[in-house]
Amino acid sequence: MPQSRNRQMTPAPSRALRTKKDMRLSLGAICFLLFVALFIPRTARPQATPVREADAQCAGCHAEIYRKYLTTPMANASGLATDKLKPATFLHGPSGVEYKISTVNGKALLASRSPNGSEGFTLTYFLGSGHLGTTYLYSIGNYLFESPVAWYAASNSYDMKPGLADIAQAPPPLPMQSSCMRCHMSSVRNADPGTINRYEGLPFLHSGITCEACHGDSREHVLTQSKGTIVNPSKLDAGRRDSVCISCHLEGDVSIERAGHNALDYRPGDLISSYVAYYVKSGGDLTARGVSEVEQLSQSTCKRVSGERMSCTSCHDPHYTPDAEHRTAFYRNKCLSCHSQPEFATAHHPENQDCTSCHMPAAGAANILHVAWTDHRILKIPEAPKTEAPRTGERTLVPIFSPGASDRDLGMAYYQSLLEGDRLFESAAWELLKQQQATISNDKDALDALGNLGAERGDSQTAESAFSRVLELDPRDLTALSNLAILRAKEGKLKDAISMLHVAFDDNEDVPGLAMNLARVECMAGDETAARTTLKAALYYSPNLDDMRRMLGQMTACADRGRK
Ligand code: HEC
Ligand code: HEC
Ligand code: HEC
Ligand code: HEC
Ligand code: HEC
Ligand code: HEC
Ligand code: HEC
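Residues numbered from 1 in each chain as written. Chains lettered and ligands numbered in written order. Predicted model: local features only at pLDDT ≥ 70, side-chain atom pairs only at ≥ 80, totals over all residues. Heavy atoms only, no water.

## With respect to helix α22 (residues 546-553)
One full turn of an α-helix is made of 3.6 residues, so residues set three or four places apart face in the same direction. What counts is decided by this rule: The buried label goes to any residue with under 20% of its type's maximum accessible area, the exposed label to any with over 50%, and the partly exposed label to all in between, with areas taken from a 1.4 Å probe on protein chains only. Each helix is a run of H or I in the DSSP string that is no shorter than four residues. Each strand is a run of E no shorter than two, and both are numbered from the N terminus. The arc in question is formed by the directions pointing from the helix axis toward the C-beta atoms. Note on contacts: a residue pair qualifies if any of its non-hydrogen atoms lie within 4.5 Å across the two residues.
Buried within α22 we find M548, M551 and L552. Projected onto a plane normal to the axis of α22, the buried residues spread over an arc of 100° and lie on a single side. On its buried face, α22 is in contact with α20 (512-524) and α21 (528-539).

Written out as structure tokens, the structure is:
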């Protein structure tokens, strides 16, 4: 679709800032500046265009909508890092890494200094308008990463990304996957085949959420300027209308892509349930879950009684976010458009004009970026905000907003929960996918899952056959290559293992775990030189990673091992 607007797609050489690996700076902030100045890259890479440029052509005829929309959080959901950078330094205690975020010569820079040395990157994009928080992206070559630190509105400061708070060494690089960008950027591409986060050319064409994200392909409309040539969500049936918002505003406890479908292929006018299936843990607490306005609203009396008549746009204007001064009147009018009995406008709590302060109070936990702030259950008697109670012991996932979800999808949802750390779901994932074995023979993702589960359980026969089938379907599949190689290595077939790991590593040099596995097998095969080369290649992407540096230091006596 918006391919038409993309003027520049040629990849350019790396713009990442690197320090020499042995370069150690022992002094304070001034050194940051010094090495930053030394390593400013000279090449400019093509950049994604922001909404204000990407949608400028709509302004000619929809000036008012365009103008209002540009100030919304959605239009500013992402953009150039230089447009939203708060210079600061931040010391992370547990790892001893000090970060400095700054703008130098018009570039946004993230420099870090760890006990192992210093590194620095040019931040390319920000992600998150900042009413909750903002994180940043950077590239090394064609690999795209997320910064380990993010800015949090609640504390008005930088802190580590969730999950890295307690890390005791320089954090590993965080690969930026298309699945993460899909709701925050527009015209997001899949990573290159066989890779997690490598993008030849632009990973997305536009920063922020463009008009086309909700209105679909606009080319014909711009030419003909007529109705019916562009998607107007309000004219779709309820399922397709709601899909437009659901596609980005629902996560459930887990969501998975349906067999043969990629969430990035969703277009306004489609049913999102054809692409994605959503699941929640039974007994789960709606207010404690990420991005859950959709779920909450569906439980409200307003929605249950109104049915299809009500949607997100009953209260929200997707082109306009009222500011603090106007929000009370704005939402009050929306409530009164349905609650039109005169008493609500006059007699019902006239002392407080803000209906939402009682019926849709804000609740939320600090520093959690995907939490619903506003209680969309629209309760009659407001509840005291709940503290998030950890839910344990649930063994069942149930689908929501996912008509047609299959046993395969459920199996994949259990598997996904397992990957996210929920051990309890292992047996359900295994049983469902094992039952499906005959029907998933063309389903790469499900076969990879089955293979992994099999390998974990020591059922190497299931694992082998699943991974082998995946490689017939896609010879570059990373999961199958790396896992089958480990099985082969265990069987003593080191040459096979190395050649598979190499195929995977050549496409994913930035993945430390993969590099270390390959180096380990190369060393087992007696090839110390190859093992060192592998680790050095990977260290280019994470020079200060303790695990890998230590391994390189210990990479001796491979030849002896090889002879055994
Ligand atoms: C050259 C003028 C022109 C341009 C440029 C233009 N539009 Fe329109 N658009 C119109 C007209 C005229 C209508 C019909 C208005 C009416 O009849 O009420 C319309 C209607 C629409 C509708 C409602 C369609 C319906 O069936 O209800 C949407 C949505 C829309 N435009 C979006 C866009 C977007 C997004 C862009 C930019 C990519 C854009 N327009 C660019 C002239 C334009
Ligand atoms: C299914 C769509 C979806 C995906 C996938 C998604 N997000 Fe979000 N994200 C949202 C929505 C919607 C919000 C706004 C939440 C709100 O305002 O309640 C949000 C909010 C955020 C914010 C805070 C922005 C602000 O409002 O200040 C950050 C930062 C963020 N997401 C980062 C990420 C990262 C990093 C990933 C990938 C690991 C990711 N998101 C994946 C939908 C998504
Ligand atoms: C987040 C989703 C979203 C985005 C982004 C979005 N729209 Fe819309 N737009 C909608 C929805 C939903 C409607 C139907 C509103 C309703 O319920 O009447 C709509 C309606 C319209 C209409 C027809 C009704 C009217 O108010 O005139 C036009 C024209 C339009 N949009 C243009 C644009 C343009 C131009 C942009 C980008 C600058 C844009 N939209 C961005 C969701 C979106
Ligand atoms: C392409 C993904 C995407 C789509 C489609 C989308 N949103 Fe959003 N929306 C987001 C993201 C991401 C944010 C958070 C932006 C930020 O703060 O960085 C957001 C924020 C919001 C907000 C909070 C900010 C505000 O404006 O008050 C509302 C409300 C909202 N969206 C409503 C809607 C509605 C209604 C629809 C459907 C018509 C919709 N969105 C469709 C991604 C999307
Ligand atoms: C699309 C129409 C619609 C909108 C918009 C709407 N409501 Fe409702 N609401 C209803 C309907 C229908 C009921 C069922 C009772 C009734 O008929 O009054 C209801 C019920 C309620 C109830 C009673 C809940 C219960 O559990 O008994 C409250 C409180 C409420 N609405 C508040 C609000 C507030 C506050 C807003 C604005 C933020 C709002 N509503 C917006 C349609 C709507
Ligand atoms: C009955 C009215 C109403 C409906 C319907 C509604 N919202 Fe909201 N929403 C609100 C109010 C009020 C706020 C708080 C706005 C503020 O504080 O300025 C809000 C805030 C939000 C936010 C900002 C984050 C947060 O939780 O505060 C997002 C995102 C959002 N809504 C998405 C949606 C989506 C998606 C839908 C459809 C499933 C939806 N809303 C339906 C009234 C509504
Ligand atoms: C100061 C807090 C407060 C404000 C402001 C407020 N309400 Fe209420 N509302 C309540 C309480 C408490 C109840 C339950 C007791 C009752 O019926 O009065 C209630 C009940 C309701 C009901 C259910 C009535 C029924 O008969 O079951 C609706 C609908 C409703 N409110 C809508 C609104 C709307 C619309 C607004 C804004 C115009 C609003 N409320 C403003 C506190 C508030």
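We are not done yet, so read on.
## Some words on the site of ligand 1
To keep it simple, the criterion reads: Residues are labelled near a given molecule or strand when at least one of their non-hydrogen atoms is within 4 Å of it. Identification of polar contacts relies on pairs of N or O atoms within 3.5 Å, with a donor-acceptor requirement for protein atoms, meaning one able to donate a hydrogen and the other able to accept it, and with residues adjacent in sequence counted only if both atoms are side-chain atoms. Polar here means any residue outside two lists: the nonpolar Ala, Val, Leu, Ile, Met, Phe, Trp, Tyr, Cys and Pro, and the charged Asp, Glu, Lys and Arg; Gly therefore counts as polar.
Around ligand 1, a shell composed of 17 residues is seen, among which C58, C61, H62, H221 and K235 lie nearest. Residue G228 places a main-chain N or O atom 3.0 Å away from an oxygen atom belonging to ligand 1. K235 is positioned such that a nitrogen or oxygen atom in its side chain is 2.7 Å from an oxygen atom of ligand 1. The residue inventory of the shell around ligand 1, partitioned by class, reads six nonpolar, eight polar and three charged.

## Brief notes about the pattern of salt bridges
Two side chains that carry opposite charge are able to pair once their charged atoms sit near each other. For the record, the criterion: Each reported salt bridge corresponds to a side-chain nitrogen of Lys or Arg within 4 Å of a carboxyl oxygen of Asp or Glu.
Applying the stated rule across the entire model yields 26 salt bridges. The residue D507 makes a salt bridge to R198 at a minimum N-O spacing of 3.3 Å. One end of the pair, D507, is in helix α19 (residues 494-507); the other, R198, is in the loop between β12 (185-188) and β13 (204-207), with 309 residues separating them in the sequence. Taken as a pair, D507 and R198 share a single burial class, namely buried. For D375, the salt bridge goes to R377, with nearest N and O atoms at 2.7 Å. A relative accessible area of 11% means that D375 is categorised as buried. Look at R377 and you get buried, because its relative accessible area is 13%.

## Things to note about the sheet that holds β12
As a reminder, the rule being used: In this description, strands pair whenever DSSP reports at least two bridges between them.
The strand order across the open sheet formed by three strands is β1-β13-β12, and the pairing between neighbours is mixed. The open sheet terminates on both sides in strands that have one partner only, identified here as β1 (49-50) and β12. As paired elements, β12 and β13 share three bridges and run antiparallel to each other. Bridged to M185 within β13 is S207.

## With respect to the coordination of the iron atom of ligand 4
Using the following cut-off: Only nitrogen, oxygen and sulfur atoms within 2.8 Å of the metal, or 3.2 Å for Na, K and Ca, are treated as donors, and water is left out, so sites may look incomplete.
Here the iron atom of ligand 4 is held by M74 (SD) and H249 (NE2), and the distances to it run 2.0 to 2.4 Å. The class of M74 is partly exposed, set by a relative accessible area of 31%.

## A short note on the state of the cysteines
Operational definition: The disulfide definition used here is simple: a pair of cysteine sulfur atoms within 2.5 Å.
On inspection of all chains with the given rule, the structure shows one disulfide. Covalently, C523 is tied to C558 through a disulfide, its sulfur atoms 2.1 Å apart. The sign of the S-S torsion, about -105°, decides the handedness of the disulfide formed by C523 and C558: left-handed. Residue C523 is found in helix α20, and its partner C558 is found in helix α23 (residues 558-563); the two are separated by 35 residues along the sequence. The exposure class assigned to C523 is buried, which follows from its relative accessible area of 2%. Overall, C558 belongs to the buried group, its relative accessible area being 0%.

## Considering the sheet that holds strand β15 (residues 276-281)
Test applied: Axes here refer to lines fitted to C-alpha atoms; in helices the fit is confined to the stretch in contact. Angles between the N-to-C directions go from 0 to 180 degrees.
Taken together, three strands build an open sheet; the order of strands is β14-β15-β16 and the sheet is antiparallel. If you trace the sheet from one side to the other, it starts and ends with β14 (254-257) and β16 (397-400), each paired once. When the angles between neighbouring strand axes are averaged without regard to direction, this sheet yields 35°. In this sheet, β15 lies alongside β14 in antiparallel orientation, the contact comprising four bridges. If you follow S255 over to β15, its bridge partner there is Y278. Contacting β14, β15 and β16, helix α14 (residues 407-419) runs over the sheet at an angle of about 125° to β14.

## Quick look at the coordination of the iron atom of ligand 5
For the record, the criterion: The rule is simple: four donors are tetrahedral if all their angles sit between 85 and 135 degrees, four are square planar and six octahedral if opposite donors span more than 155 degrees and the others lie between 65 and 115, and anything that fits none of that is irregular.
Here the iron atom of ligand 5 is held by the protein donor atoms C302 (SG) and H339 (NE2), which lie 2.0 to 2.2 Å from it. Taken together, the six donor atoms coordinating the iron atom of ligand 5 span angles of 85 to 178° at the metal, a pattern that classifies the geometry as octahedral. Pair noted here: C302 is in helix α10 (residues 301-306) and H339 is in the loop between α11 (324-338) and α12 (342-346), with a separation of 37 residues, a long-range link.

## Quick word on the pairing of strand β9 (residues 149-152)
Burial along β9 is two-sided: V149 and W151 and A150 and Y152, pointing in opposite directions, are all buried. In the sheet, strand β7 (residues 133-140) pairs with β9 via two bridges, with the strands oriented antiparallel. By the bridge assignment for β9, T134 is matched with W151. Strand direction decides the pairing type here: β9 and strand β10 (residues 157-160), joined by four bridges, are antiparallel. In the strand pairing of β10, W151 is matched with Y158. Turn length for the β9-β10 hairpin, with the two strands adjacent in sequence and antiparallel, is four residues, and the turn residue N156 shows positive phi of about 55°.

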